Each structure stands twice: as C-alpha cells, then as structure tokens.
Amino acid sequence: MDTPIKITGELTPDPALCQFHLEQPVLEDWTASFQQPSDSQGSALADFLFEVEGVVGVTVAGSTITVAKHTPEPWQQFAPAIGKAIRAAFASGRPPVSE
C-alpha cells in the first residue's frame, strides 16, 4: 500500500472501540485479532498500534482495523495517534499482518 493512506474513522456503539477503514483491503478471506502485544508475531499493524498508550486490542478484517482502547480520552483526540501508527506500520516495509 502506497502512502499516503486514506483512513476514515467510524465510532461504534461501544465507546471503547473504533473502526478505521482503509481504501484497500489489508486482509482478504480471514480476520486477525490481537488481544495483547505478544499476539503480534511480527505483524507491523499490531506492533505499531500497541505502541500507542491505551490501545488494548486490534482486529483486522478486510479493509477495516478495529481498535480497542482503555483510556478516558475521547476518540476524536485519540484517533490521530492511531492514524499515525497505521501509516507507520505500512511505511515500515514489514508485513501489516503476519500469517
């Protein structure tokens, strides 16, 4: 995926979750879920997102990345750090999600 990456955020009914939609699919035909940093196994998206203080879960399905947070900070303030981490993961040259 070439930069710049267009990312659109979508709030969910659960205030601890937010979905981030990319223009192109990250995964096709399967879903990857990371509940803690050690689940990453080399997946750049999980590694970079868990570096954001307050991130407690990451799920990747198709072109959607769902992030779970444990912080009182509203998504409107928290989301820019998530977007930066997603872009950094793709710029790293590593696989976004390891199989």
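One structure accompanies this document, and this report is about it. In this text, all values refer to a predicted model and were calculated from it rather than measured experimentally.

A few words on helix 2 (residues 75-91). If you check helix 2, its first and last C-alpha atoms are 23 Å apart, about what 17 residues at 1.5 Å a residue would give, namely 24 Å. Listed in full, the buried residues belonging to helix 2 are Trp 75, Phe 78, Ile 82, Gly 83, Ala 85, Ile 86, Ala 89 and Phe 90. Mapping the buried residues of helix 2 onto a view down its axis gives an arc of 165°, with all of them on the same face. Exposed side chains of helix 2 directed beyond 90 degrees from the buried face belong to Gln 77, Pro 80, Lys 84 and Ala 91. Turning to helix 2, the residues buried within the fold contact strand 1 (7-11), strand 2 (17-22), helix 1 (44-50), strand 4 (55-61) and strand 5 (64-69). Phi turns positive, to about 85°, at Gly 93, one or two residues after helix 2.

In this section: the side chain of Lys 69. As for its position among the elements, Lys 69 is in strand 5. Look at Lys 69: it is buried, it has no salt bridge, and the nearest opposite charge is Glu 73 at 7.1 Å. Looking at Lys 69, its side chain comes within polar contact range of the main-chain oxygen of Glu 73, at 2.7 Å. Residues in contact with Lys 69, not counting those within four places in the same chain, are Pro 15, Ala 16, Gly 54, Val 55, Val 56, Trp 75 and Phe 78.

As for its placement among the helices and strands, Ser 63 is situated in the loop between strand 4 and strand 5. For the pair Ser 63 and Pro 25, spaced 38 residues apart in the sequence, the C-alpha separation amounts to 3.8 Å. Those residues in contact with Ser 63 that sit more than four places away from it in its chain are Phe 20, His 21, Leu 22, Gln 24, Pro 25 and Val 26.

Here the structure, examined in full by the defined rule, presents 1 salt bridge. Among the ionic pairs, Arg 94 bridges to Asp 47, the shortest N-O distance being 2.3 Å. Of this pair, Arg 94 sits in the segment after helix 2 while Asp 47 sits in helix 1; the two residues are 47 residues apart in sequence, bridging distant segments of the chain. Exposure remark for Asp 47: the relative accessible area of 25% places this residue in the partly exposed category.

Even without being a glycine, Asp 29 presents a positive backbone phi close to 75°. Exposure remark for Asp 29: the relative accessible area of 83% places this residue in the exposed category. Here the phi dihedral of Gln 41 falls at roughly 50°; this positive angle occurs in a residue that is not glycine. Structurally, Gln 41 can be placed in the loop between strand 3 (31-34) and helix 1.

Thresholds applied
Residues numbered from 1 in each chain as written. Predicted model: local features only at pLDDT ≥ 70, side-chain atom pairs only at ≥ 80, totals over all residues. Heavy atoms only, no water. Helix = DSSP H or I, 4+ residues; strand = E, 2+ residues; numbered from the N terminus. Expected span 1.5 Å × (residues − 1). Buried < 20%, exposed > 50% of the residue type's maximum accessible area, 1.4 Å probe, protein only. Arc of directions from axis to C-beta. Contact = heavy atoms within 4.5 Å. Lys, Arg positive; Asp, Glu negative; His and termini not counted. Salt bridge = Lys/Arg side-chain N within 4 Å of Asp/Glu carboxyl O. Polar contact = N/O pair within 3.5 Å; in protein donor to acceptor, adjacent residues only side chain to side chain.

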